[in-house]
Amino acid sequence: MKKFLLTSLFSILICLFLVNFSPEVLSQDIGDDEQQSEEGASEGQQVDDSPPALDEIIGEDETQKQGASENVPEASSGKTQSDDNSETSAEDDSVVRISKVKIKGAKVVTKQQIEQVIGTEFPSIKFWVKKPVFDEEVLKDDMVRIQRLYANNGYYDAKATYEPKYNKDETRVEIKINIEEGEPVIVTDIDLRIEGELSEEIKKQINKSIPLKKDEIFSPNAYQQTKGIISEILSNNGYPKSEIEGEALVNRREKWARAKFVVKPGQIYKFGVIKVEGNEDVANYIIEREAEFKQCTVEQQVEIDKCETFSLSKVNQTQANIFQLGLFRSVVIDPIYDDEKLIANIAIVVKERKQGSVKIGGGFGTEDKLRGQVIWTQRNFFGGGRRLEVSGKFSFITQRFETSVIQPFIAGKNSELSGTLNFQRDDVPSFKGRSFLTTAALTKDFWKYYSVFGSLNVQFSKIEDSATRTPEERSRENFFLTFINLGLERDTTDNVLNPTRGTVVSTGLESSFEALGSDVNYLKGTIELRGYREYRDIVFAKKFTIGVIQPFGNTQTLDVPIFKRFFAGGSTSMRGFPFQKLGPLDENNDPLGGNSLLVGSFEVRYPIYGDFGGVAFFDYGNVYTEEWSYDLADLKYAPGLGLRYDTLIGPVRFDVGYALNPEPGIRRIQFFISIGQAF
């Protein structure tokens, strides 16, 4: 066990070293993707982010119009100075370096917000990173920056001071920042005037959406956001040229503020025609069909009312749809307004990316040890926006070669038809074998959060070695299966790699029939529920999965192929047990799998320092031989703890699970290393 623990800890260090120092995943078109943020922004209603300067000041330090600011160096200048000092420190051993920064008294704003606005650098938790150089002049300016941060959140009287604590030879310093937040300014009155005609529905939407509320804390940020949100709502309802005038009166001594907004919606516009430029190999219709609105050709003024009302959000979503095709390195959309006809024609300018790319990746996990993959992609394969993907994925337990052709827009937006050929070799605890699988699959996303899936599959598998219970099982080597997969999912999570909010409801049904040439008859159904909630940087996550395989006809319980049965245990399922070893085992302690599955997990994910986080979890469940056999008295339980290190490709994780009631021959303590959250 000690040897395994040392090996695991060494593997974590290797993973962290690779994440921080190894080159990114190789790709011919990585640079193209990075240009989206600069070149892909559509032009729409512009909102000034800085608080407006107001005209009147009433009383010295008593009542002031919002927008006054002090002339203090920007945070970036402080960091530049610190970096310059860092370069000279290699030649000057007398420089003072920061060993620790503590912040006391900050409740309204977070430590991360303070760290973002100040020039003084926080020392890294990474032992190989040199401590930042201390510059007291920068730190003095930081106190003003912190006070300004609080003022932008409605706390105008906040004070920030610092206490440096040096070591004996004055080469290291600990900095303690003390903050007195004071009392906030409260909004006592909001005067919202609309000069023009707006529907009651739009007025209600504005009143409901604006962040500045009466009897709540006033802040310049909320004041400015109110103007931006009103403009955004109007732009999404046909008023792209609205004007929002605002004024705020702030009394710092009596802690009250009054805000006034004058809204001039302007004229309502309709969508016109789409004009595409910049494309060479990609046909116009592939781009135009991604639009979230209908084009409208206007020849006479009376026809304008038949056109769709302009919406900036639909323009932005159209831009995202086109970019997600993967065919372009930049997509720019500009509405061109015809003030005479009151229509907005849409100009789409694209820059095509290289249609072919190669990606190489690698990783490490407790179950599959070292793993790697190579993926070659050819976009717009023979036109039509389709793509060809050829991939090879290799690890110690699975080797797979796969070829897929994907045709998008097969059933309207957010749909695709794919055909796949898959050759695979498995060497897992339950069996060793080879298989060939061909699949035709259709997927469709709808109603924002929903997706549906269906596929027809033909599989031939040869089992070379497997865990068995009977001589009949031992005699079965070859399986020919024809089966259908159907699935429905609702996903409202905020992040694919590391969700913190939302839920996932996923259902699947797999059916195999001898009438279609299959060797066995069965129905396999699964339901998975996942939920995430964040509270003060702590994420509460839970998962529950239940499944059953129902044989019918001439097929009996033990006739279901081992590679189709349920298994549990491992880094993503019941971490108190080794990979696939939760449930029935043969005389050699090899997993047999089962026809019923019930597993679940509850996690509390919390930050520790910087990119490091911790997890406390409690897993439960079991796998049962018989179908519809869920004996709760046989449930296994495993609490545990884990570490996480956030990276661009998801968190690197290390988990330790402890089985409260393991089967004989199963070690109580299990260690797992992988990338990505357990669920």
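Residues numbered from 1 in each chain as written. Predicted model: local features only at pLDDT ≥ 70, side-chain atom pairs only at ≥ 80, totals over all residues. Heavy atoms only, no water.

Moving on to the overall build of the protein chain. Looking only at helices and strands, one finds 11 helices and 27 strands in the protein chain. Long-range contacts, defined as pairs at least 24 residues apart, comprise 62% of the intrachain contacts of the protein chain with a sequence gap of at least 6. Carbon and sulfur atoms form 52% of the exposed surface of the protein chain, whose accessible area is close to 35600 Å². (Helix = DSSP H or I, 4+ residues; strand = E, 2+ residues; numbered from the N terminus. Contact = heavy atoms within 4.5 Å. Areas by Shrake-Rupley, 256 points an atom, 1.4 Å probe, with all protein chains shown as cover.)

Among the 10 residues in strand S11 (residues 343-352), 7 count as buried, and that is most of the element. Here 6 bridges tie strand S9 (residues 270-277) to S11, and the two strands are oriented parallel to one another. Each bridged residue has a counterpart across the sheet, and for Glu277 the counterpart in S11 is Val349. Across 10 bridges, strand S10 (residues 328-338) lies against S11 in antiparallel orientation. The residue of S11 that forms the bridge with Val331 is Val350. Between the end of S10 and the start of S11, which pair antiparallel, lie 4 residues, with Leu342 showing a positive phi angle near 60°. (Buried < 20%, exposed > 50% of the residue type's maximum accessible area, 1.4 Å probe, protein only. Pairing = 2+ DSSP bridges.)

In spatial order, the strands read S3-S5-S4; together these 3 strands make up an open sheet with mixed pairing. Lying at the two open borders of the sheet, with one neighbouring strand each, are strand S3 (97-104) and strand S4 (159-166). The average undirected angle you get between the axes of adjacent strands in this sheet is 20°. Two strands pair when backbone bridges link them, and S3 and strand S5 (residues 172-180) are joined in this way by 7 bridges, in the parallel orientation. Its bridge partner being in S5, Ile103 is matched across the sheet by Ile177. Helix H6 (residues 136-151) rests against S4 and S5 of the sheet, and its axis sits at about 150° to S4. (Axes fitted to C-alpha atoms, helices over the stretch in contact; angles between N-to-C directions.)

Moving on, we get to the side chain of Arg289. Structurally, Arg289 is set in the loop between helix H9 (284-288) and helix H10 (312-323). The buried charged residue Arg289 lacks any salt bridge partner; its closest oppositely charged side chain belongs to Glu290, at an N-O distance of 4.3 Å. Beyond its immediate chain neighbours, meaning those up to four positions away, Arg289 contacts Gly384, Pro408, Phe409 and Lys413. (Lys, Arg positive; Asp, Glu negative; His and termini not counted. Salt bridge = Lys/Arg side-chain N within 4 Å of Asp/Glu carboxyl O.)

Here 3 strands make up an open sheet; going across it, the order is S9-S11-S10 and the pairing mixed. Both edges of this open sheet fall to S9 and S10, since each of them pairs with a single strand only. Here the average twist between neighbouring strands, direction ignored, is 20°.

Here we come to the confidence of the model for the protein chain. Looking at the protein chain, pLDDT values average 85 and 86% of them are 70 or higher. Across the protein chain, the secondary-structure element scoring lowest on mean pLDDT is strand S1 (residues 57-58), at 29, and the one scoring highest is strand S20 (residues 502-512), at 97. Here residues 1-10 scores under 50 on pLDDT; set against residues more than four positions off or in separate chains, the count is 11 contacts. Across residues 12-91 the pLDDT falls below 50, and counting only partners more than four positions away or on other chains, this stretch makes 156 contacts in the model. (pLDDT = per-residue confidence, 0-100.)

A separate point is the state of the cysteines. Inspection of every chain in the model, using the stated rule, returns 1 disulfide. Through a disulfide, Cys296 is tied to Cys307; the S-S separation comes to 1.8 Å. Classification of the bridge connecting Cys296 and Cys307 rests on its S-S torsion, roughly -55°, and on that basis the disulfide is left-handed. Pair noted here: Cys296 is in the loop between H9 and H10 and Cys307 is in the loop between H9 and H10, with a separation of 11 residues, a long-range link. Exposure class is identical for Cys296 and Cys307. Each is buried. (Disulfide = S-S within 2.5 Å.)

A complete count under the given rule lists 28 salt bridges for this structure. Between Arg530 and Glu528 there is a salt bridge; the shortest N-O distance is 3.2 Å. Since its relative accessible area comes to 22%, Arg530 is described here as partly exposed. According to the relative accessible area criterion, Glu528 is partly exposed, its value standing at 24%. Between Glu663 and Lys636 there is a salt bridge, and its shortest N-O distance comes to 3.2 Å. Residue Glu663 is located in the loop between strand S26 (652-658) and strand S27 (669-675), and its partner Lys636 is located in strand S25 (residues 636-645); the two are separated by 27 residues in the primary sequence. Salt bridges sharing common partners tie together Arg575, Glu603, Arg605, Asp619, Arg644, Arg653 and Asp655.

Let's shift gears to a positive patch on the surface. A cluster of like positive charges, contributed by Lys100, Lys102, Lys104, Lys165 and Lys176, occupies part of the molecular surface. Here the positive patch takes 3 residues from S3, the largest share from any one element. A relative accessible area of 32% means that Lys176 is categorised as partly exposed. (Patch = residues over 30% accessible without salt bridge, like charges linked within 9 Å, V, L, I, M, F, W, Y side chains within 5 Å. Charge placed at Lys NZ, Arg CZ, Asp CG, Glu CD.)

What the rule picks out here adds up to 21 aromatic pairs. Their ring planes at 45° and their centres at 5.1 Å tell us that Phe271 and Phe310 sit as a pair that is tilted. Of this pair, Phe271 sits in strand S9 while Phe310 sits in the loop between H9 and H10, and the two are 39 residues apart along the sequence. For Phe310, a relative accessible area of 1% puts it in the buried group. Relative to Phe563, the ring of Phe431 has its centre 6.4 Å away and its plane inclined at 55°; by these criteria the two rings are tilted. One end of the pair, Phe431, is in strand S17 (residues 431-446); the other, Phe563, is in the loop between strand S22 (538-551) and strand S23 (596-609), with 132 residues separating them in the sequence. According to the relative accessible area criterion, Phe563 is buried, its value standing at 19%. (Phe/Tyr/Trp six-rings, centres within 6.5 Å; stacked < 30°, edge-to-face > 60°.)

Summarising the element assignment, Thr318 is placed in helix H10. Of the residues examined, Thr318 reaches a relative accessible area of 1% and is grouped as buried. Within the structure, the side chain of Thr318 is placed 2.7 Å from the backbone oxygen of Lys314, a separation counted as a polar contact. Not counting chain neighbours up to four residues away, the residues in contact with Thr318 comprise Glu290, Ala291, Glu292, Phe293 and Ile333. (Polar contact = N/O pair within 3.5 Å; in protein donor to acceptor, adjacent residues only side chain to side chain.)

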